[in-house]
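# Secondary and tertiary structure notes
What follows is each chain in one-letter form.
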Amino acid sequence: QVQLVESGGGSVQAGGSLRLVCVGSKDNYDKYHMTWFRQAPGTGMEREGVATIGGGGGGAYYSDSVKGRFTIARDNLKSTVYLQMNSLQPEDSGMYYCAAVRYRSWADWPRPTAYDYWGRGTQVTVFS
């Protein structure tokens with residue numbers, strides 16, 4: 001199975017930046033659709049799709065709340081996907097997760113149930 005490990009989270013002042021990294025097992029990594037999700041603080045909050053990228057890196061989509069501020073990219077030679085987060089605000093705080101699926105319709109990208117593999121998350125805290 002695919003193993004995913006996130007890193008790059010931390011605590012930053014509002015207006016600052018962070019770069020999240022997700023490293024996966026390399027076998028056929030370019031065949032997997034990758035998405036970043038986040039979960040706001042609080043028990044029972046649902047995971048929100050933040051940004052997604054296709055296996056070849058040629059297509060990407062973002063949630064309305066992060067458009068213009070976040071950028072997703074991938075390096076298949078390193079089995080890695082990145083999320084560059086700029087102009088961070090307190091509302092961006094939460095646990096960020098990397099998720100993967102072998103194949104999925106683009107229309108399903110924001111749905112957590114569409115994904116087969118998940119990392120354990122990396123915490124992002126933005127203070128004002």
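Overview of the structure.

Quick notes on the rules
- Residues numbered from 1 in each chain as written.
- Predicted model: local features only at pLDDT ≥ 70, side-chain atom pairs only at ≥ 80, totals over all residues.
- Heavy atoms only, no water.
- Helix = DSSP H or I, 4+ residues; strand = E, 2+ residues; numbered from the N terminus.
- Buried < 20%, exposed > 50% of the residue type's maximum accessible area, 1.4 Å probe, protein only.
- Contact = heavy atoms within 4.5 Å.
- Polar contact = N/O pair within 3.5 Å; in protein donor to acceptor, adjacent residues only side chain to side chain.
- Core = buried A, V, L, I, M, F, W, Y, C linked by side-chain atoms within 4.5 Å.
- Pairing = 2+ DSSP bridges.
- Axes fitted to C-alpha atoms, helices over the stretch in contact; angles between N-to-C directions.
- Phe/Tyr/Trp six-rings, centres within 6.5 Å; stacked < 30°, edge-to-face > 60°.
- Lys NZ or Arg CZ within 6 Å of the ring centre and 35° of its normal.
- Salt bridge = Lys/Arg side-chain N within 4 Å of Asp/Glu carboxyl O.

Here R69 lies in the loop between β6 (60-62) and β7 (70-75). Given the relative accessible area of 18%, R69 is considered buried. Sequence spacing of R69 and L88 is 19 residues, and the spatial spacing of their C-alpha atoms is 7.9 Å. Setting aside its immediate chain neighbours within four residues, R69 contacts Q84, M85, N86, S87, L88, Q89 and D92. Engagement of the side chain of R69 in a polar contact is seen with the side chain of D92, the distance being 2.8 Å.

Looking at soluble globular proteins, one finds that nonpolar side chains tend to be buried together. Membership of the largest hydrophobic core comes to 25 residues, with the highest contact counts inside it found for M34, W36, F70, V81, L83, M85 and Y96. Residues within four places of M34 in sequence aside, it is in contact with L4, C22, Y29, A51, T52, I53, I72, R74, V81, C98, A99 and A100. By size, the runner-up hydrophobic cluster in this structure holds six residues, among which are V101, W109, A114 and Y115.

Turning to its location among the elements, P110 is positioned in the loop between β9 (94-101) and β10 (117-118). For the pair P110 and V2, spaced 108 residues apart in sequence, the C-alpha to C-alpha distance is 20 Å. Non-local contacts of P110, meaning those with residues more than four positions away in its chain, are made with F37 and G49.

As summarised here, the arrangement of the four strands in space is β1-β3-β8-β7, forming an open sheet in which the pairing is antiparallel. Where the open sheet ends on each side, the last strands, each with one partner, are β1 (4-7) and β7. For this sheet the average axis-to-axis angle between neighbouring strands, irrespective of direction, equals 15 degrees. Pairing geometry for β1 and strand β3 (residues 18-24), over four bridges, is antiparallel. Counted as the bridge partner of L4 is G24 from β3.

The subject of this paragraph is the packing of aromatic side chains. Evaluated as defined, the whole model comprises six aromatic pairs. Here the aromatic rings of Y32 and Y117 are separated by 6.3 Å at their centres, their planes lie at 70 degrees, and the arrangement is edge-to-face. Placement of Y32 in the loop between β3 and β4 (33-39) and of Y117 in strand β10 is noted, with a sequence separation of 85 residues between them. For the ring pair Y97 and W118, a centre distance of 6.4 Å and an interplane angle of 75 degrees mean the geometry is edge-to-face. On the criterion of sequence distance, the pair formed by Y97 in strand β9 and W118 in strand β10 is long-range, its members being 21 residues apart. Given a relative accessible area of 10%, Y97 falls into the buried group. One residue, R47, lies across the ring of Y97, its end atom 3.6 Å from the ring centre. Between the NZ or CZ atom of R47 and the centre of the ring of W118, over which it lies, the distance is 4.8 Å.

Attention shifts here to the pattern of salt bridges. Per the counting criterion, the structure on display carries five salt bridges. For the salt bridge of D64 with K67, the shortest nitrogen-to-oxygen distance reads 3.0 Å. Two residues, D92 and R69, come together in a salt bridge whose shortest N-O distance is 2.8 Å. Linking D92 in the loop between β8 (80-85) and β9 with R69 in the loop between β6 and β7, this pair joins segments that are 23 residues apart in sequence. With respect to class, D92 is no different from R69; both count as buried. One continuous salt-bridge network, built from bridges that share partners, spans R38, E48, R69 and D92.

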